[in-house]
Amino acid sequence: MASIQTVKFSLFFLLCFWNCKFLPLSQGKQEYPYIKKASSFSSVPSTSDASLNKAYDYIIVGGGGAGCPLAATLSQNFSVLLLERGGVPFTNPNVTFLENFHITLADLSSTSASQYFVSTDGVFNARGRVLGGGTSINAGFYTRASPRFISKVGWDAKLVNESYPWVEKQIVHRPKFSPFQRAVRDSLIDTGVSPFNGFTYDHIYGTKVGGTIFDRFGRRHTSAELLASGNPDKLTVLVHATVQKIVFDTTGKRPKAVGVIFTDENGKQHEAMLGNDKQSEVILSSGAIGSPQMLLLSGIGPKDDLENLNISVILNNRFVGKGMIDNPMNALYVPSHRPVHQSLIQTVGITKKGIYIEASSGFSQSNSSIHCHHGIMSAEIGQLSTIPPKQRSIEAIQAYAKNKRDIPVEAFKGGFVLSKVGSAWSVGELKLINTNVNDNPSITFNYFSHPRDLKRCVDGIRMALKVIQSEHFTNYTMCKKKTAEKLLNLSVKANVNFIPKNANDTTSLEQFCKDTIITIWHYHGGCHVGKVVSPDYKVLDVDRLRVVDGSTFTESPGTNPQATVMMMGRYMGVKILRDRLGKLAGI
C-alpha cells in the first residue's frame, strides 16, 4: 500500500516538474537545411547569401503547432520567413523520447524547450519555447475536433477533411497500447462511458483509443517535421529569433504591418521586412499566450494599459488578451503493487456532459524522478507549503531532499486517472506586466468561477472514482478496492499548485475540485474572432496582419487541441494560397 507521503511525491511527478537526469546535448543530424540560427540573418545586402536579405511575402512569428504547417504550405508559392524564439527539437533527447517527457517540463533554465509560468490562480503551467511549440513538450495525444466545433468556427468541412490527413500521414501513429491504458479502457466501458469506438481520430461519444505523435519506439514527432513538406527554395526558418514587436506604417488611414524586429541568440537586433505587395502579411502563430502578448507589445490592445507601459498605441482594441480560458483538470492517484509501464494518454472517455476521462502511468517510478534534488518546482519547496514562510530555510529543504533519497524506488508505482472539463465557461484575461517579451505576462483563468464548470468537475471526479474502483483496475494493480475517501486522501495531500488546502477536501468534492486544480495545457483565447480578428483571422482595422493559432478559439477542440491547431495551420495556408492565386495555387 502506498503511503500518503509517497503519493505526495508521486502526484507531483505526474505534473512533470522534475529534472535530475543529465542527457547528451545533441543526438541525430540536422536534416532541414533551411533551418538556420537567427544570427545568420543580415539586414545588410550580401552577395554571398542574397536569399537572407530580401523582403518576404509572409513573415510568420512562432514555429509551433500552427506556424510550421502554415509556413510549409505557403512556401509552395511564396517566400516565407518563419521566426522561432526557441531552438530545434531534433537534437534534444528530453523532447524526443517519451521516457523523458517529464524532464523537459521540469527544466526551468532560460534555454529550456518549456517556459514555466504560474497563473494568478496559483496553477503551474508551461508554454513551448522550441520549434514545434506545444507539440514538442506535450503528452502526444492526437484526436480531431468534433463536427460541431468545425461548424461553429465556420471552416470548410471539405478542406478540413483534406487538411487533417496531411498532418496524420507525416507525424501521427497508432499507440502501442499499454496494460494500464487497457485497464482504463475496460473500466470506462464498465462505468457506462460507451460504446467502445475502437481506434479512431474522430471525436465520438463513448470510449476510444486515439492517435499519438509518439511512434512505437517512443520517439516524438512534432509539427517541426511538417516543415519537410516546405519548398526549400522559398522557405527560411530562423531559430533563436525572438520577435520584439511588429513594425507598422501608420501614414495611411489604417495601420499596415510592414515587418518585424527580432533579436538573435547573441542579442543582436534585426529587422525583417515584407514585400510591397498588399497581400503580403505578418502572421502571428505564437499561441494563446504569445500572440496576444505580441499584439500588446506592438501597440494593439486596450489604450490605457498600453499607455501605462509607455507603449505607443497603434490601435485601441479593448478585447486583446480577453477571453482567456483553460480547461480545468484534476488527477486521482492510482496506487499499484506492481511496476507499471510508462504511458501517456492513449484512451479517452468522451461523455455528453463535456467531461473527458484520461490517464497516464509510470513516470513517478523512474530513477530520474526519485532520488535527487529537483529545484524550485519540486516538492522540496512544495512540501514546505505548510511551514510558515520564514521557516522555509535552505536547511529545511536540504533535510527534506536527504530524507527523500532514502525512499525505496519500489514505493513509486502506479498512475493517475485524469478528469478534464471541456468547453469551460469560466473566463479570465492576459495582461502585460512589462515590455520584456521574454517575461511571461500576467494570466488569470478564473477556474470554476462559473458554477457549470464546478458541477461538471464534481461529476468527473465521481466518474474517475468509479473507474479506479473497477475490478479491471484492482485486478491490474493487485490492490484491494479503496473507498472514495481514501482515494481522494491519497491525492489531496500532494502540493500540486499554490492553492491553500482545506480540511474538508475529502468530504466535499466541490472543495476537492477547487483545491487540487491543475492544467492539461489546453488554454486558448486572447484574440477571439469578431473581437480581435475577422472570420478569416485578419486583425480587425489593421492591414497585412493575421493571427493563426489557438488564441482565436473560444473553446478547446476535442479532447486535445494539437490535431486541430496543426490542421488549422495547413487549412489556412491552403486557403490563403487559393484566395490569392485561385487555381494557379495548384493546391
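In case you missed it, the structure is sitting above this.
Keep in mind the model is a prediction, meaning the values are calculated, not measured.

With that settled, the discussion passes to the overall build of the chain. Of the regular secondary structure elements, the chain holds 16 helices and 25 strands. Out of the 587 residues belonging to the chain, those deemed buried represent 62%. The long-range share in the chain, meaning contacts at least 24 apart out of those at least 6 apart in sequence, stands at 73%.

Taken as a whole, this structure holds 17 aromatic pairs when the rule is applied. Consider the rings of phenylalanine 180 and tyrosine 476, whose centres lie 6.1 Å apart with planes at 75°: the pair is edge-to-face. Of this pair, phenylalanine 180 sits in helix α7 (residues 179-191) while tyrosine 476 sits in helix α13 (residues 471-477), placing them 296 residues apart in sequence. Given a relative accessible area of 1%, phenylalanine 180 falls into the buried group.

For the rest of this paragraph, the subject is empty space enclosed by the protein. In the structure shown here, the tally under the stated rule is five cavities of 30 Å³ or more. Volume-wise, the largest cavity comes out at about 870 Å³. Along the wall of the largest cavity there are 48 residues; nearest its centre are Gly128, Gly133, Gly134, Ser286 and Gly287. Broken down by secondary-structure element, the contributors of at least two residues to the lining of the largest cavity are β3 (80-84), β5 (124-128), β11 (242-249), α8 (287-297) and α16 (562-581). Sort the elements by how many residues they give to the lining of the largest cavity and α8 lands first, with six residues. Grouping the amino acids of the lining of the largest cavity by side-chain chemistry returns 22 nonpolar, 22 polar and four charged.

Mapped onto the elements of the fold, proline 500 is located in the loop between α14 (484-492) and α15 (509-515). Taking relative accessible area as the criterion, proline 500 reaches 63% and is therefore assigned exposed. Between the C-alpha atoms of proline 500 and aspartate 515, which are 15 residues apart in sequence, the distance is 6.8 Å.

This part takes up the pattern of salt bridges. Within this structure, the stated rule accounts for 18 salt bridges. The salt bridge involving aspartate 215 is made with arginine 219; its shortest N-O contact spans 3.6 Å. Aspartate 277 is the salt-bridge partner of arginine 580, the closest N and O atoms lying 3.3 Å from each other. Taken together, the residues span a long stretch of sequence, with arginine 580 in helix α16 and aspartate 277 in the loop between β13 (269-273) and β14 (281-284) at a distance of 303 residues. Here aspartate 277 falls in the partly exposed class, since its relative accessible area comes to 36%. Here the salt bridges share partners, and the residues they tie into one network are Lys353, Lys455, Asp459 and Arg462.

Parameters and conventions
- Residues numbered from 1 in each chain as written.
- Predicted model: local features only at pLDDT ≥ 70, side-chain atom pairs only at ≥ 80, totals over all residues.
- Heavy atoms only, no water.
- Helix = DSSP H or I, 4+ residues; strand = E, 2+ residues; numbered from the N terminus.
- Buried < 20%, exposed > 50% of the residue type's maximum accessible area, 1.4 Å probe, protein only.
- Contact = heavy atoms within 4.5 Å.
- Phe/Tyr/Trp six-rings, centres within 6.5 Å; stacked < 30°, edge-to-face > 60°.
- 1 Å grid on protein atoms, 1.4 Å probe; cavity = no way out; pocket = protein on both sides within 12 Å on 5 of 7 lines; lining within 4 Å.
- Points joined across faces, edges and corners; volume = space filled by probe spheres on them.
- Nonpolar A, V, L, I, M, F, W, Y, C, P; charged D, E, K, R; others polar.
- Salt bridge = Lys/Arg side-chain N within 4 Å of Asp/Glu carboxyl O.

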